[in-house]
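Spelled out from the first residue to the last, the chains are:
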Amino acid sequence: MSSALNGLFHPIVQAPMAGGASCPPLAAAVSEAGGLGFLAGGYKTADGMYQEIKRLRGLTRRPFGVNLFLPQYGHADPAAVEVYRGQLAGEAGWYEVSLAAEDTTGTTDDAYDAKLAILLEDPVPVVSFTFGCPPAAAFTCLRGVGTFTMVTVTSVAEARAAQDAGADALCVQGIEAGGHQGTHRDDPKADGTGTGLLALVGQVREAVALPMVAAGGLMRGSQIAGVLAAGADAAQLGTAFLACPESGAHALHKKALTDPLFTRTELTRAFSGRPARGLVNRFMREHGPYAPAAYPQVHHLTAGLRRAAAEAGDPQGMALWAGQGHRQARSLPAGQLVEVLAAEVAEAQSALQAVRRRSAS
């Protein structure tokens, strides 16, 4: 795919999960095992991102990536956010949190310009983008400092836009994926209408010529082999690495992935104001139907509630992001998980080749 990814011995990418899960120890373990570890720049200050990069460089010399959120300049209705604040009053009382103390009017750019400036001044091997596609100038500058670039896409139209802008590769995200859908435009009318991963990989492969990293509900090597056979060049897994001991996810979040109490996932705006897939819990059931399309305003609004729920040991009030394959999570060390997945890929590919040989004979 690129000289920047020569150290990728296995077609396995660890997803950049914002909120603390994708920490330096996890990314380092994945990269050291021959995959591609990722840090999440989202929700961090520019200096916070830089400090994590420095720490990761102290843990591995292998290639790794950093993900950035594109600025969100939508037209969130302040009145709708205030109505939702009122609907959360009971939660605030229960967890003894003052919603008024949470910033719902602050920056919507996630310090994007400052983070990009750092990555241009002190380049990393790979940079990916979510929630949109940067202008062509950003790709030109990153290419000039030797950085390989990827854009998360959820449709053929987004894939074409990324190719036209100059991206080196695409992260093709199916609707099965845990966490936020990386759509370039947040349209409430399109909620729940995303495309499944295998269908999307096939459509994008026919529409653009860029390398593809497939993402969405992948938990086993046989599934990775499936997306590779469909035309992807590698697979990105998030939920699969969430349960690893190196992951920075909360212990309650890790436990919930395989807890029989949480039987399914849904896309919801309840926690952030943008569609994101998580385990269905009380908060999602009670507030999801009323949450406005207002990201990141709702994310800021619920931040204190989510922290308080975690501190109280209450997973029913937490954002338990997870893909549709969450029940298959394995709490293996990240390096071992990469090796297991790679062995499963090889086994599945060998079985497929045997079938082809029998069919040809």
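Residues numbered from 1 in each chain as written. Predicted model: local features only at pLDDT ≥ 70, side-chain atom pairs only at ≥ 80, totals over all residues. Heavy atoms only, no water.

Student: Is there a simple way to explain the overall build of the protein in this structure?
Tutor: If you tally the helices and strands in the protein, you get 14 helices and 11 strands. Expected size for 361 residues packed as a compact globule is a radius of gyration near 21 Å; at 20 Å, the protein falls within 12% of this value. Every one of the 361 residues in the protein was classed for burial, and the buried ones make up 56%. Restricting the contact set of the protein to residue pairs at least 6 apart, pairs at least 24 apart contribute 69%. (Helix = DSSP H or I, 4+ residues; strand = E, 2+ residues; numbered from the N terminus. Rg over C-alpha atoms; globule rule 2.2 N^0.38 Å. Buried < 20%, exposed > 50% of the residue type's maximum accessible area, 1.4 Å probe, protein only. Contact = heavy atoms within 4.5 Å.)

Student: Whenever I open this one, the pattern of salt bridges confuses me. Can you help?
Tutor: It is possible for side chains bearing opposite charge to pair when their charged atoms get close. Throughout the structure, instances matching the rule amount to 13 salt bridges. Here glutamate 91 and arginine 282 are joined by a salt bridge, their closest N and O atoms 2.5 Å apart. Remark: arginine 282 occurs in helix α12 (residues 282-287) and glutamate 91 occurs in helix α4 (residues 89-95); sequence separation between them is 191 residues. Residue class for glutamate 91 comes out buried when judged on its relative accessible area of 6%. For aspartate 186, the salt bridge identified is with arginine 269, shortest N-O distance 2.8 Å. Here aspartate 186, found in the loop between β7 (179-180) and α8 (197-207), pairs with arginine 269, found in the loop between β10 (265-268) and β11 (276-279); they are 83 residues apart in sequence, far enough to count as distant. For aspartate 186, a relative accessible area of 26% puts it in the partly exposed group. Accessibility expressed as a relative area gives 7% for arginine 269, which makes it buried. Through salt bridges with shared partners, a single network forms among Glu91, Arg282 and Glu286. (Salt bridge = Lys/Arg side-chain N within 4 Å of Asp/Glu carboxyl O.)

Student: Help me understand the sheet that holds β10, please; the structure alone is not making it clear to me.
Tutor: The strands making up a sheet associate through hydrogen bonds between their backbones, and the pairing can be parallel or antiparallel. Spatial strand order, β7-β11-β10: 3 strands in an open sheet with antiparallel pairing. A strand with exactly one partner marks an edge of an open sheet, and here the two such strands are β7 and β10. Relative to β11, β10 runs antiparallel, the two sharing 4 bridges. What sits directly across from threonine 265, in β11, is leucine 279. (Pairing = 2+ DSSP bridges.)

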